[in-house]
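# Chain and residue survey
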Amino acid sequence: MNKIINFWKKLSNKKRGFLFILAGMICLFGCLVLLIFTESIFSTVLLYFSLGFNIIGLYILMWVKDRRNKNDKE
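Notes on the structure in this doc start here. If you're wondering where the values come from, they're calculated on a predicted model, not measured in any experiment.

## Topic: the side chain of Ser50
- Among the structural elements, Ser50 can be located in helix α3 (residues 42-73).
- Not counting the four nearest positions on each side in its chain, Ser50 is found in contact with Gly24, Cys27 and Leu28.

## Regarding the environment of Leu61
- By the element assignment, Leu61 lies in helix α3.
- Using a relative accessible area of 19% as the deciding quantity, one classes Leu61 as buried.
- Taking the C-alpha atoms as reference, Leu61 lies 5.5 Å from Gly17; in sequence the two are 44 residues apart.
- Residues in contact with Leu61, not counting those within four places in the same chain, are Lys14, Gly17, Phe18 and Ile21.

## Observations regarding the environment of Val33
- Along the chain, Val33 falls in helix α2 (residues 13-37).
- The sequence separation of Val33 and Ser43 amounts to 10 residues, and the corresponding C-alpha distance is 8.3 Å.

## A few points about α2
- Counted at 1.5 Å a residue, the expected span for α2 with its 25 residues is 36 Å, and the 36 Å between its end C-alpha atoms agrees.
- Arg16, Gly17, Phe20, Ile21, Gly24, Cys27 and Cys31 are the residues of α2 that are buried.

## Examining the packing of aromatic side chains
- According to the stated counting rule, one finds two aromatic pairs in the structure shown.
- With centroids separated by 6.1 Å and ring planes inclined at 40 degrees, the aromatic side chains of Phe20 and Phe53 adopt a geometry described as tilted. With a gap of 33 residues between them, Phe20 in helix α2 and Phe53 in helix α3 connect regions that are remote in the sequence.
- On the numbers, 6.3 Å between centres and 20 degrees between planes, the contact of Phe49 with Phe53 is stacked. One end of the pair is Phe49 and the other is Phe53, both in helix α3 and four residues apart, which spans about a single turn.
- Judged by its relative accessible area of 45%, Phe49 falls in the partly exposed class.
- On the accessibility criterion, Phe53 (26% relative accessible area) is partly exposed.
- Here a set of aromatic residues connected by ring pairs shows up, and it is made of Phe20, Phe49 and Phe53.

Rules used in this analysis
Residues numbered from 1 in each chain as written. Predicted model: local features only at pLDDT ≥ 70, side-chain atom pairs only at ≥ 80, totals over all residues. Heavy atoms only, no water. Helix = DSSP H or I, 4+ residues; strand = E, 2+ residues; numbered from the N terminus. Contact = heavy atoms within 4.5 Å. Buried < 20%, exposed > 50% of the residue type's maximum accessible area, 1.4 Å probe, protein only. Expected span 1.5 Å × (residues − 1). Phe/Tyr/Trp six-rings, centres within 6.5 Å; stacked < 30°, edge-to-face > 60°.

See the structure below:
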């Protein structure tokens, strides 16, 4: 567990945002596979997870971009 926490602390905010977006895309892909091949309720849960991960990832990336723009102006 400490290895995971140390790995997460070493990542830049931009890489964290991309990891959240990657997790969201994986969940979205799993959701689509379940919807196409089964009629599973779990696909809806995966869809909500993918939306959450993508929103968090995009928020982090926009926050990093906004912070970079503010630093460039100073």
